[in-house]
Amino acid sequence: MAASRTDTFLGARYRRIVKRRGHKKTLVAVARTMLVIVWHLINDPATEYTDLGPDYHQRLIDPTRRTRDLVRQLAALGHQVTLTPAA
C-alpha cells in the first residue's frame, strides 16, 4: 500500500492498473512485482536494484506510432483529421 503512494515505478504501476482492475487486485499485482524484484535480488547477489522511474512506460511510447493510432481512431469515429506541427 505504501508503494502505491510513492513517485516510483511501483507507484506508477499501481496508478496504471487500478484504473481497470480495482484497488485490491492492483495491490496484489504490485505486491507480486515487488516479490519478483526481491527474488531477483536474492537469487543473484551481484544484482543491484535500479528504479525504472514513474515515466518508464511513457518513454517507451513512439510518438509517431501514437499519433498514427489516434488519427486512425478519430477516422473510425467519422472525423476528418488534418495534422499541423506545433511551434
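Relevant structure appears above.
Residues numbered from 1 in each chain as written. Predicted model: local features only at pLDDT ≥ 70, side-chain atom pairs only at ≥ 80, totals over all residues. Heavy atoms only, no water.

(A) Spotlight on the nonpolar core. In terms of nonpolar packing, the biggest core is built from 5 residues, these being Ala3, Phe9, Leu10, Tyr14 and Val30. Per element, the largest residue contribution to this core is 3 residues, and it comes from helix α1 (residues 9–21). Every residue in contact with Ala3, bar those within four places of it in the chain, is listed here: Thr8, Leu10, Gly11, Val30 and Met34. (Core = buried A, V, L, I, M, F, W, Y, C linked by side-chain atoms within 4.5 Å. Buried < 20%, exposed > 50% of the residue type's maximum accessible area, 1.4 Å probe, protein only. Helix = DSSP H or I, 4+ residues; strand = E, 2+ residues; numbered from the N terminus. Contact = heavy atoms within 4.5 Å.)

(B) Here's a closer look at helix α2 (residues 23–43). Across its 21 residues, α2 extends 30 Å between first and last C-alpha, which sits within 8% of the 30 Å expected from 1.5 Å per residue. The secondary structure elements touched by the buried residues of α2 are α1. (Expected span 1.5 Å × (residues − 1).)

(C) Region of interest: the environment of Gly11. Relative to the helices and strands, Gly11 resides in helix α1. A relative accessible area of 0% places Gly11 in the buried class. Separated by 42 residues in sequence, Gly11 and Gly53 place their C-alpha atoms 9.3 Å apart.

(D) Inspection of the pattern of salt bridges at higher detail. All told, the structure shown has 3 salt bridges when counted by the stated rule. Two residues, Arg59 and Asp55, come together in a salt bridge whose shortest N-O distance is 3.4 Å. Between Asp69 and Arg72 there is a salt bridge, with the nearest N and O atoms lying 3.5 Å from each other. With Asp69 and Arg72 both in helix α4 (residues 63–76) and 3 residues apart, this pair spans about one turn of that helix. (Salt bridge = Lys/Arg side-chain N within 4 Å of Asp/Glu carboxyl O.)

(E) Layout of the packing of α1 against α2. Contact geometry for α1 and α2: axes closest at 8 Å, N-to-C directions at 145°. The way α1 lies across α2 gives a crossing that is right-handed. Judged by residue contacts, Phe9, Leu10, Arg13, Tyr14, Ile17, Val18 and Arg21 of α1 engage His23, Lys25, Thr26, Leu27, Ala29, Val30, Thr33, Met34 and Ile37 from α2. A class-by-class count of the residues in the contact of α1 with α2 yields 10 nonpolar, 3 polar and 3 charged. (Axes fitted to C-alpha atoms, helices over the stretch in contact; angles between N-to-C directions. Left-handed = near helix turned anticlockwise from the far one by under 90°. Nonpolar A, V, L, I, M, F, W, Y, C, P; charged D, E, K, R; others polar.)

(F) Highlighting a positive patch on the surface. Taken together, the side chains of Arg16, Lys19, Arg20, Arg21 and Lys25 define a basic patch exposed on the protein surface. Tracing the backbone through its elements, the reader meets Arg21 in helix α1. (Patch = residues over 30% accessible without salt bridge, like charges linked within 9 Å, V, L, I, M, F, W, Y side chains within 5 Å. Areas by Shrake-Rupley, 256 points an atom, 1.4 Å probe, with all protein chains shown as cover. Lys, Arg positive; Asp, Glu negative; His and termini not counted. Charge placed at Lys NZ, Arg CZ, Asp CG, Glu CD.)

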